[in-house]
Amino acid sequence: MASNSTKSFLADAGYGEQELDANSALMELDKGLRSGKLGEQCEAVVRFPRLFQKYPFPILINSAFLKLADVFRVGMLGSLASIIPERKNAHHSIRQSLDSHDNVEVEAAVFAAANFSAQSKDFAVGICNKISEMIQGLATPVDLKLKLIPILQHMHHDAILASSARQLLQQLVTSYPSTKMVIVSLHTFTLLAASSLVDTPKQIQLLLQYLKNDPRKAVKRLAIQDLKLLANKTPHTWSRENIQALCECALQTPYDSLKLGMLSVLSTLSGTIAIKHYFSAAPGNVGSSPRSSDLVKLAQECCYHNNRGIAAHGVRVLTNITVSCQEKDLLALEQDAVFGLESLLVLCSQDDSPGAQATLKIALNCMVKLARGRPHLSQSVVETLLTQLHSAQDAARILMCHCLAAIAMQLPVLGDGMLGDLMELYKVIGRSATDKQQELLVSLATVIFVASQKALSAEVKAVIKQQLESVSNGWTVYRIARQASRMGNHDMARELYQSLLTQVASEHFYFWLNSLKEFSHAEQCLTGLEEENYSSALSCIAESLKFYHKGIASLTAASTPLNPLSFQCEFVKVRIDLLQAFSQLICTCNSLKTSPPPAIATTIAVTLGNDLQRCGRISNQMKQSMEEFRSLASRYGDLYQASFDADSATLRNVELQQQSCLLISHAIEALILDPESASFQEYGSTGTAPADSEYERRMMSVYNHVLEEVESLNRKYTPVSYMHTACLCNAIIALLKVPLSFQRYFFQKLQSTSIKLALSPSPRNPAEPIAVHNNQQLALKVEGVVQHGSKPGLFRKIQSVCLNVSSTLQSKSGQDYKIPLDNMTNEMEQRVEPHNDYFSTQFLLNFAILGTHNITVESSVKDANGIVWKTGPRTTIFVKSLEDPYSQQIRLQQQQAQQPLQQQQQRNAYTRF
């Protein structure tokens, strides 16, 4: 019987053949929890996660947690703190359990008290005195005190509460000088200060005092650890005296481990506003010179230390000081930074251990920062990297290639100088098919693409293809082709994609690669554009469109329900429409020659009062073109808003495409349609921020050049002249001559965010409408769960969810009766903040008109910066509005009462006849 009951419990819970609803499954799991057999209880517990995955809604989860809490008592209650933070009976249970004589229950109560204090201000205020009494009580064991003290870190909800907790911690630090007590109290002290932000400077001074005066190494290490935490979280609260005291401690300590920790804190501070505080002049004092400060002395002393970590932090401090300080005479400091980086590079590039690689990353990041902040040092940095690249280990070579690519992106002038050395190295590497060698092939190829800037020469392409044919695998070739597409080397990318078509087993992969090949071929066709040659431009665009249409067909075939490729399809569709709009505009400009205005055009313009009509039909065509480009800009804006998970480079690329459309639209308006009211201020340079990529740099250069040309022609010549049309055609050619960059999000999604909605009430059959009477309101409850991929919040996080509910009448039923005009339509919007990735809200909808209504619920999100993203999803249900029985009865009675009268009127009419 026992075995039969177990089988039926598992089956009915939804883990066998039978599938039940959420409540039934929860009831069956509850039976397992209440079973007298320990094995069945354990099995029921491990089945709960699957139940939560299948039904991720809070009513069920709350009920399930309460049932589990009944098994695990107070400890489980602590895990529920984020769900029921203000539940008073839970607060009362925790307070009672703290006085229990059962040690297990007391420990569980301490755990629960910590979690509830972090979530609930009321609980923290109410429990603070209780915790203080227990900590100060002589009857409380020391081990329990050590567990109670960390609860005080959560007493940061208001200033009074934080002040009382700080006073207690101050007493504990002085009253209990044992190592364990000091460490726990100090760390709790730090966490409280970091959360309250009021007493952070005092806490920094206290930690520095213990670091300087306490002889115990464990306490010193704890002080350094907490100083690092405060340096990361609140660097603006560090004064010059604080940094100076830390420098003095680092100079005096004989222990490398402690020196490493202190330098780690200083290197963190050197990259923040704190470094400016250190070198700035205080009122009444002379500012410290970077060359004579203890910080620089310490960094110079550590740059060549035999401990790699100490040397890395010393070099990082020097680099940050060199980049941050605005003084001109920093030649000695610059040389120290460069020499320190070179020595660290030589030391770490020969060692492939994890520690050496971590140190090398710090050094390479410093090199990139130094090249960006001090461009005159970049040439020597690049030469050092290229020289060391030949003798370094493969793991180090990969990191060094990333560094070279970053420098070349910032300073394109250095690219040509790199190319020769890079090609020499590319010929000799890759003699084996190890993972590191394959990674190195990709990294080196990326640097070569960046360094080439323009189209690759035949020699470079031959070297790359020869090396790939000998040792590379298909994945390596694909990654290199992907990088070529990102850098605009479409001819190289097309050949690589072509070589991969026969090496995939899935038809979806085949169609994906074929679409990439066609897109690369399409963009390659645009490289033949020439200025002033408009007929050639039309043929190049037509050829490009041919391959783009082939590619979009393959891309559609490559999509699957799990991977719909929505961003890729929309990006390519808008690109196709943009090329067609460019082609149409060139044809419109050419029509001024092929179809000039008629002789009576001037008379028509005077008659209509529109001076532009004297130009003939080209004026209407130009107006249509301007509207088309504005529509394309709007579509790029919609694509931008729908790409919540895209990286910043991809979003910037979409933004540049949108700006191209707006630029041409503005040029048409300024040159032809409305030269008098055209303004150039809003379209000028939006800032002096450097471009992040060569593609952006070239596009911005084209924008500025086109705006200068348009502004020079504006109001000088009466529209429409051949100079105006030539300016528009040249602007199109200049934009298309910049090779399009297919950014990372086109190939790879690093962040994944989706929203799952559930509507209540909901019909059993999606096509079946929900019945509601027309004199009642429907309470529509919308619940949702935010689902994440492996890297949630990598680029941006959801702050709130916007839910928009609208209804439309699909079909009327019966006769039209008199209905009040108010509440005829439903159009509502609410914003809710997700709690543990769950949100819920309700809408009251009115359906006064009889018939079938279509309710649409659409969600969008707002990130931490206040930007709204149209992420979806869009859910639809149907509602059938029925006449309420009482109104129907009254209407029928009125109809029956009117029938005898109508019959009498008919008889009277017959009689008169």
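You'll find the structure just up there.
From a predicted model like this one, the values you see are computed outputs, not experimental measurements.

A. Expanded view of the overall build of the chain. Counting its secondary structure elements, the chain contains 37 helices and 9 strands. Of all 913 residues assigned to the chain, the portion counted as buried reaches 49%. Pairs at least 24 residues apart make up 72% of the contacts formed inside the chain by residues separated by at least 6 positions. With an accessible surface of roughly 44500 Å², the chain has 52% of that area assigned to carbon and sulfur atoms.

B. Local environment of the packing of helix α6 (residues 88-98) against helix α7 (residues 103-119). As a packed pair, α6 and α7 sit with axes 8 Å apart at the nearest point and diverge in direction by 140°. Here α6 is positioned oblique relative to α7, judged by the angle of their axes. Regarding α6 and α7, the two cross each other, and that crossing is left-handed. Counted together, Ala 90, His 91, Ile 94, Ser 97 and Leu 98 of α6 and Glu 105, Val 106, Ala 109, Val 110, Ala 112, Ala 113 and Phe 116 of α7 form the full contact between these two elements. Class assignment of the residues belonging to the contact of α6 with α7 gives a composition of 9 nonpolar, 2 polar and 1 charged.

C. Spotlight on the state of the cysteines. Summed over all chains, the structure comprises 0 disulfides. Here Cys 403 stays unpaired: no disulfide links it, and the sulfur of Cys 401, its closest cysteine neighbor, is 9.8 Å away. Given a relative accessible area of 3%, Cys 403 falls into the buried group. Take Cys 727: it sits in no disulfide, and the sulfur closest to it among the cysteines is that of Cys 729, at 9.4 Å.

D. Spotlight on the packing of helix α30 (residues 566-594) against helix α35 (residues 722-737). One can describe the packing of α30 onto α35 by two numbers: an axis separation of 9 Å at closest approach and a directional angle of 155°. Classed by the angle they form, the pair α30 and α35 counts as roughly antiparallel. The interaxial crossing formed by α30 with α35 has left-handed handedness. The residues of α35 that touch α30, namely those facing Arg 575, Leu 579, Phe 582, Leu 585, Ile 586, Cys 589, Leu 592 and Lys 593, are Tyr 722, Thr 725, Leu 728, Cys 729, Ile 732, Leu 735 and Leu 736. Here the contact of α30 with α35 is composed, by residue class, of 12 nonpolar, 1 polar and 2 charged.

E. Highlighting unusual backbone geometry. In this model, Ser 760 is joined to Pro 761 through a cis peptide bond whose omega is 0°. Within the secondary structure, Pro 761 sits in the loop between β1 (753-760) and β2 (770-773). Omega for the peptide link from Gly 872 to Pro 873 comes to 5°, which places this bond in the cis form. Note on placement: Pro 873 falls in the loop between β8 (868-869) and β9 (874-882). If you check the backbone angles, Glu 532 has positive phi at about 70° while not being a glycine. Looking at where Glu 532 falls in the secondary structure, it is placed in the loop between α28 (507-525) and α29 (534-558). According to the relative accessible area criterion, Glu 532 is exposed, its value standing at 52%. The backbone of Asn 836 sits at a positive phi, close to 55°, despite the residue not being glycine.

F. Spotlight on the pattern of salt bridges. Applying the stated criterion to the full structure yields 26 salt bridges. The residue Lys 870 makes a salt bridge to Asp 638 at a minimum N-O spacing of 3.8 Å. Separated by 232 residues along the polypeptide, Lys 870 in the loop between β8 and β9 and Asp 638 in helix α32 (residues 618-641) bring together distant segments of the chain. The exposure class of Asp 638 is partly exposed, given its relative accessible area of 38%.

G. View of the side chain of His 154. Among the secondary structure elements, His 154 is positioned in the loop between α9 (142-148) and α10 (159-175). Assessed through its relative accessible area of 16%, His 154 is described here as buried.

H. Quick peek at the sheet that holds β1. Strand order in the open sheet formed by 3 strands is β1-β3-β6, with antiparallel pairing between adjacent strands. What marks the edges here is a single partner per strand, and that holds for β1 and β6 (838-846). Each strand of the sheet is rotated relative to its neighbour by a mean of 25°, with strand direction disregarded.

Thresholds applied
- Residues numbered from 1 in each chain as written.
- Predicted model: local features only at pLDDT ≥ 70, side-chain atom pairs only at ≥ 80, totals over all residues.
- Heavy atoms only, no water.
- Helix = DSSP H or I, 4+ residues; strand = E, 2+ residues; numbered from the N terminus.
- Buried < 20%, exposed > 50% of the residue type's maximum accessible area, 1.4 Å probe, protein only.
- Contact = heavy atoms within 4.5 Å.
- Areas by Shrake-Rupley, 256 points an atom, 1.4 Å probe, with all protein chains shown as cover.
- Axes fitted to C-alpha atoms, helices over the stretch in contact; angles between N-to-C directions.
- Parallel < 35°, antiparallel > 145°, perpendicular 65-115°, else oblique.
- Left-handed = near helix turned anticlockwise from the far one by under 90°.
- Nonpolar A, V, L, I, M, F, W, Y, C, P; charged D, E, K, R; others polar.
- Disulfide = S-S within 2.5 Å.
- Salt bridge = Lys/Arg side-chain N within 4 Å of Asp/Glu carboxyl O.
- Pairing = 2+ DSSP bridges.

Function cannot be inferred from these measures alone, as they are strictly geometric.
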